[in-house]
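Analysis of the macromolecular model
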Amino acid sequence: MLFHGHLQTIYPTLFRKVTEPLHTSIRITTEDDDFLDLFWSTQAAEKLVIISHGLEGDAHRSYMTGMANACLANGFDVIRWNFRGCGPEINKQLRFYHSGASDDLDTVIKYALTKGYQEINLIGFSLGGNMMLKYVGEDRVRPDVLNKIVTISVPMDLLTSCQKISKPSNWIYANRFIKSLKNKVTQKAKLRTDLDISGIELVHTLIDFDDQFTAPLHGYSDARDYYSQCSSRRFVENIKNPTLIINAANDPFLSMECYPDKLLKNHPHVRLEMPAQGGHVGFAQFTKKGLYWSEERAMDFLKES
């Protein structure tokens, strides 16, 4: 395993090559007449894993396809999905995706239920992991077949994580995210005249972006209100499903508040693991025929009795 948090974060993005599993592309309609794109890999299994990506990711990133291949090799069917606006086509509604959009995850799960699976498991990375923890911890109806949850590199406290990623040591990541997000809203403004992007040139940090766009577009008063209502840290105490949270100690994106070991120390259902190495959605290893440590650990957890 590589021994530097930044290197562990960057290496898989730049150099990991993963063969994408065979899949059927499916577009489903949301209750508000938008769409979500799903990528379903099936081997007629009775158990399914739904995999969710991170900020400005998509279903085709190497960490997504690598995890999908691991699931398939262990006897699961897989659904990977793109959050709203994260595919090649801009979504229809004014809203995008965000860290707390558990309603869209619920839509994907309800679609999966129509396939007759006896067991549904969830694996989420970064923002997608936060969304999943919120989903299983909030006050809502969930299907009885929902089984285990694995989350990796989760910004469980959104405010302090945004502050952490905005530090000078993380400028390469922050600039990349901001550029991508600003481009996304600029492209949508060409399709939606009701999207006001005046002042976008004043957006320099993720908090700026969430203040100007994410919060008002999704019903929050400002960025801090959005972070407060959507941070998974506030939902984990209520989780009843067997859940594994993997946050590497050297993750350059995560604040100290994202490692709530005291809060979860005696939790009957949630296990927080903090390996010394791994970076952010990294966990590369070179001795397991392409299988990354996070994939190996996730499969072990899903197969535990």
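Everything discussed here concerns the structure shown above.
A brief look at the structure comes next.

Each value, and the rule that gives it
- Residues numbered from 1 in each chain as written.
- Predicted model: local features only at pLDDT ≥ 70, side-chain atom pairs only at ≥ 80, totals over all residues.
- Heavy atoms only, no water.
- Axes fitted to C-alpha atoms, helices over the stretch in contact; angles between N-to-C directions.
- Helix = DSSP H or I, 4+ residues; strand = E, 2+ residues; numbered from the N terminus.
- Parallel < 35°, antiparallel > 145°, perpendicular 65-115°, else oblique.
- Contact = heavy atoms within 4.5 Å.
- Nonpolar A, V, L, I, M, F, W, Y, C, P; charged D, E, K, R; others polar.
- Pairing = 2+ DSSP bridges.
- Salt bridge = Lys/Arg side-chain N within 4 Å of Asp/Glu carboxyl O.
- Buried < 20%, exposed > 50% of the residue type's maximum accessible area, 1.4 Å probe, protein only.
- Core = buried A, V, L, I, M, F, W, Y, C linked by side-chain atoms within 4.5 Å.
- Disulfide = S-S within 2.5 Å.

1. A look at the packing of helix α7 (residues 206-217) against helix α8 (residues 223-230)
- Their axes nearest at 8 Å, the elements α7 and α8 cross at an angle of 85°. One element, α7, and the other, α8, form an angle in the roughly perpendicular class. When α7 is examined against α8, the residues Leu 206, Ile 207, Asp 210, Asp 211, Thr 214 and Ala 215 are found in contact with a partner set consisting of Ala 223, Tyr 226 and Tyr 227.
- When the residues that make up the contact of α7 with α8 are grouped by side-chain class, the tally is 6 nonpolar, 1 polar and 2 charged.

2. Focus: the sheet that holds strand β7 (residues 243-246)
- Spatially, β1-β2-β4-β3-β5-β6-β7-β8 is the arrangement adopted by the 8 strands of the open sheet, whose pairing is mixed. Edge positions in the open sheet fall to β1 (24-29) and β8 (270-273), since each of these has one partner strand only. Neighbour-to-neighbour, the strand axes of the sheet open up by a mean angle of 20°, direction not taken into account.
- The sheet contact formed by β1 and strand β2 (residues 35-41) spans 6 bridges and is antiparallel. Across the sheet, Thr 24 pairs through a bridge with Trp 40, a residue of β2.
- Docked against the sheet, helix α4 (residues 127-137) engages β3 (47-52), β4 (77-82), β5 (119-125), β6 (146-152) and β7, running at close to 135° with respect to β5.
- Of the strands in this sheet, β3, β5, β6, β7 and β8 touch helix α10 (residues 293-303), which is tilted by about 160° from β6.

3. As for the pattern of salt bridges
- What the rule picks out here adds up to 21 salt bridges.
- Its salt-bridge partner being Asp 104, residue Arg 84 comes within 2.7 Å of it at the nearest N-O pair. Taken as a pair, Arg 84 in the loop between β4 and α3 (102-113) and Asp 104 in helix α3 lie far apart in primary sequence, 20 residues in all. You'll find Arg 84 and Asp 104 in the same group, each marked buried.
- Notably, a salt bridge pairs Asp 106 with Arg 140, separated by 3.6 Å at the nearest N-O pair. Within this pair, whereas Asp 106 is found in helix α3, its partner Arg 140 is found in the loop between α4 and β6, the two being separated by 34 residues in sequence.
- Owing to a relative accessible area of 8%, Asp 106 belongs among the buried residues under this scheme.
- Through salt bridges that share partners, Asp 32, Asp 34, Arg 84, Arg 95, Asp 103 and Asp 104 make up one connected network.

4. Here's the deal with the packing of α3 against α4
- For the pair α3 and α4, the least separation of the axes is 9 Å and the interaxial angle reads 80°. Considering the angle they form, α3 stands roughly perpendicular to α4. Across the interface between the two elements, Ser 102, Leu 105, Asp 106 and Ile 109 of α3 pack against Met 131, Met 132, Lys 134 and Tyr 135 of α4.

5. Concerning the nonpolar core
- Counting 65 residues, the largest nonpolar core has Leu 38, Ile 50, Ile 79, Trp 81, Ile 120, Leu 122 and Ile 245 as the members making the most contacts within it.
- Among the nonpolar cores identified, the runner-up in size contains 24 residues, and Leu 72, Ile 123, Ile 152 and Leu 302 belong to it.

6. Description of the state of the cysteines
- Enumeration over the complete set of coordinates arrives at 0 disulfides.
- Not engaged in a disulfide, the cysteine Cys 86 finds its nearest cysteine sulfur in Cys 230; these two sulfurs lie 16 Å apart.
- A relative accessible area of 7% means that Cys 86 is categorised as buried.
- Its sulfur unpaired, Cys 258 is 9.7 Å from the next cysteine sulfur, which belongs to Cys 162.
- The exposure class assigned to Cys 258 is buried, which follows from its relative accessible area of 0%.

These figures come from the coordinates and say nothing about function on their own.
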